Amino acid sequence: MRATRTLLVACAAVLAVVPLAAAQDVRIPATLAFSPRDYTPPVLTTPALTLSEAVRLTIMHSPALSLSLQDVQAAAGRYRETRGMFDASVVVGPTIQYLHTPIDPNFYRLEVAKRDAYKKLADQYIPLAAEFRQMASTLQTHTPACPEVFGSVSTNFMSFSPTKALANAGTGLLDDPDQQKFDDLGTPRNLTDPGLGSLSGLVSLMDLCSLGTGLSEVDEAANWYRALTQVSKIDFSGGYGVGGVLTSVSQLPKETLTTWAQLSDLIGTRAGLAYTRLGVAPTDQLQRQFTLSLRYLRPFRNGADLGANVQLQSTENSYKDKPFDPSFGGLAAPVRFPSKVSFSATVPLGKGRGAVSVTASELSTRWALEARREQVRYATTEEVFRTVLAYVNLAGAQSTVDLLEESAARQANLAKLTEQQVTAGDVPAMELNRVRARAAAVNTSLKNARATLVAARVGLAQSIGAGATVLDAMPRAADRLAVERLPVGAINDLVRIAIVRRNDLRALERVRRATAALDAGAHADLKRLFDVTVSGGLQNTYESPLFYFYPDEEQPIYSDFAPKTTHESPVRFYDARGYARSLTGRWEPFIQAQFKIDLPFGNNAARGRAAQTRADLQSRGIEMVELERSIRDNVNTAAGALGITSAAIDRAEETVKYDADVLEGTMRRFEVGELTLFDTLRTEEQVTTDKLELIRLQQTYLGILVRLRFEMGDLVRTVGGTAAATEELVFEPAGIVIK
């Protein structure tokens, strides 16, 4: 009897509606809650958790929130990437190029013709010299064998106009239409002659085929003399001066023929030496190039950009397996060191001056980042909502188990009393089976309730992200369900609050802005492109002297008394002296203007993008309208269900209040034998059912209350303004649980 009263009093204390200590609010700095992190399961120091502790663990350790934060981080990276399109950049680009290619056909023909010309010179002028000597020794003049190549000999090269073969040797009379190939290599049109460069001045050979027998005549000899002295400046007198020659004019024909023999021998010998030096014609060509560029680019959000470029370059062209000296078969192309300093500006005049199109991606990613931040806030509210519901279910399951354990204890007490009465003969033995059947039913319900409790503990562990695998380590609810019911405001006010506070609605609105930015850019791209680029600067090209083995071939020795000209030393393409000479050379200005206009036929690509972005924008608008409608419906449904459930709880509490007195009186009357066992068991069963119903209604009410706060965006609030240093996430467990 005393034990039964104790159980009834305890049950009444659990269900009594009295003001109790409120649970503590949860306050977490936003910088901590929304900082990117890896998923780390929380370690529970004790299984007993308050609702505040469970919510804190959810915010800090939920795997879903960890994933959402990574999405925010990715969106921040994309926004930073698009902002990077307008960062100033400095690019240093050293480039080394090596090309090994077959020789250009034009150059190959040139090299072959050059060798043929020298060989012909040697083969024809050496015999011609012997014939002149024979004529000088016998003083018998006649027309000598006419060479195929003859004409004039210059210091730079030979210019034999009657013969095409020698002209193709690169004499300045080159009749090749492909001048661009020589310009690209930096090769001079009049290639340096490697064989006859030591001849000073211009020596004009007489038309040897027209020599006749009149050389012994004084006038004709005098004409020969004047012609020779004016061109070659050779003293034919043997050291006696002009007067001696004039007095010895009879010796002039012999001296003249001897001079022509010497000159022909010189030409033939020099040509033979040049032919030997040149060797076989090259077949491969090498190009080595080094470029060092320093480029600065500054794009602007209005579509314009400014740039500056400094470029140093060197180019070296040569024949494979040939020295650099052109006298020995090298390519007579100087090493070139072009330098350039330029500035450029591009201004868009079409597509709305480019600002809308250029900044579309940046604006879109910016609003997408804001949308992700709002979505992670909404995800936080969702996870807290799941945790609170799991905690309410766990607390209700614990209360159900406690209530069924009390009922099982009462059944055990009734079985004991019934057994005593059967022993005393006051009741038949069949009554003992009745009470045992009821006890078995209660125990079955208790086992089911305990299984539900285990599932509720696992559900809460999953909500907070705990990784416990042992049942004893699973969380238990340390708080009890609140029995006080908060007043609910007008439905319209609740809807207005929900529309303002819902993070998912704000996230969708920012997604719509991001789509609107892309849509504006896509429609701006429908316009024609019209860009104006103006560039200008200074440029300079230095050409290194050609490489020569012998100094007299670079600067022939004319006289021991004449001052020698000082020449710069030749340099290779990698030599810093070449760049220094280029930088200190003469700089010439240049300017260039470029207009770029696109005229796409049909413009289907831009029209297709514009159609897609417009459809996406309209879809976002439809989603916003649908979400607002869903929020209104959910708030109305939750608020209406909350009122109905609250009224049902009032009736259930009143029933349980009377049930406590009925149960106590029933147990007392059964003890004294005034009430049958059947009536006692039926009364105890009804009281237990009423109490279980009250717990169920309380769970339902709190679940609806939590959902209403979730639909209103009030479950997890942000306080402290928008500053990251002061913003806090706040969860208030008041009205849900009590200590």
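Above this note sits the structure.
This report concerns the structure included in the present document.

1. Describing the packing of helix H11 (residues 355–424) against helix H14 (residues 503–524)
Here comes step 1: For the pair H11 and H14, interaxial distance at closest approach is 8 Å and the crossing angle is 170°. One way to sum up the angle between H11 and H14 is to call them roughly antiparallel. Crossing handedness for the pair H11 and H14: left-handed.
Here comes step 2: Partitioning the contact of H11 with H14 into residue classes produces 14 nonpolar, seven polar and seven charged.

2. Topic: the packing of aromatic side chains
Here comes step 1: Taken as a whole and judged by the stated rule, the model has eight aromatic pairs.
Here comes step 2: Between Phe337 and Tyr579, the aromatic rings sit 5.3 Å apart at their centres with planes inclined by 80°, giving edge-to-face as the arrangement. Taken together, the positions of Phe337 in strand S9 (residues 336–348) and Tyr579 in helix H16 (residues 576–583) put the pair 242 residues apart, joining distant regions of the chain.
Here comes step 3: On the accessibility criterion, Phe337 (0% relative accessible area) is buried.
Here comes step 4: Arranged with centres 6.4 Å apart and planes meeting at 25°, the rings of Phe530 and Phe595 form a pair that is stacked. Within this pair, whereas Phe530 is found in strand S12 (residues 530–543), its partner Phe595 is found in strand S13 (residues 588–597), the two being separated by 65 residues in sequence.
Here comes step 5: On the accessibility criterion, Phe530 (28% relative accessible area) is partly exposed.
Here comes step 6: A relative accessible area of 57% means that Phe595 is categorised as exposed.
Here comes step 7: In this structure an aromatic cluster arises from ring pairing among Phe290, Phe337, Tyr542 and Tyr579.
Here comes step 8: Residue placement shows Arg298 over the ring face of Phe300; its charged tip is 4.7 Å from the ring centre.

3. Quick look at the environment of Ala130
Here comes step 1: As for its position among the elements, Ala130 is in helix H5 (residues 105–138).
Here comes step 2: Sequence separation of Ala130 and Ala261 is 131 residues, and the distance between their C-alpha atoms is 6.7 Å.

4. Points about the pattern of salt bridges
Here comes step 1: This model, assessed by the stated rule, comprises 36 salt bridges.
Here comes step 2: When the shortest N-O distance is used, the salt bridge between Arg377 and Glu727 registers 2.9 Å. Of this pair, Arg377 sits in helix H11 while Glu727 sits in the loop between strand S14 (716–719) and strand S15 (728–731), and the two are 350 residues apart along the sequence.
Here comes step 3: Arg377 sits in the buried class, given a relative accessible area of 17%.
Here comes step 4: Through salt bridges that share partners, Arg410, Arg438, Glu684 and Glu685 make up one connected network.

5. Structural notes on H16
Here comes step 1: Along H16, the residues that are buried comprise Gly578, Tyr579, Arg581 and Ser582. The buried residues of H16 all sit within an arc of 160° when viewed along its axis, so they share a single face.
Here comes step 2: Looking at the buried side of H16, the elements it contacts are strand S7 (284–299), strand S8 (305–319), S9 and S12.

6. Things to note about unusual backbone geometry
Here comes step 1: Positive phi outside glycine occurs at Asp321, with the angle close to 65°.
Here comes step 2: Mapped onto the elements of the fold, Asp321 is located in the loop between S8 and S9.

Parameters at a glance
- Residues numbered from 1 in each chain as written.
- Predicted model: local features only at pLDDT ≥ 70, side-chain atom pairs only at ≥ 80, totals over all residues.
- Heavy atoms only, no water.
- Axes fitted to C-alpha atoms, helices over the stretch in contact; angles between N-to-C directions.
- Helix = DSSP H or I, 4+ residues; strand = E, 2+ residues; numbered from the N terminus.
- Parallel < 35°, antiparallel > 145°, perpendicular 65-115°, else oblique.
- Left-handed = near helix turned anticlockwise from the far one by under 90°.
- Nonpolar A, V, L, I, M, F, W, Y, C, P; charged D, E, K, R; others polar.
- Phe/Tyr/Trp six-rings, centres within 6.5 Å; stacked < 30°, edge-to-face > 60°.
- Buried < 20%, exposed > 50% of the residue type's maximum accessible area, 1.4 Å probe, protein only.
- Lys NZ or Arg CZ within 6 Å of the ring centre and 35° of its normal.
- Salt bridge = Lys/Arg side-chain N within 4 Å of Asp/Glu carboxyl O.
- Arc of directions from axis to C-beta.
- Contact = heavy atoms within 4.5 Å.

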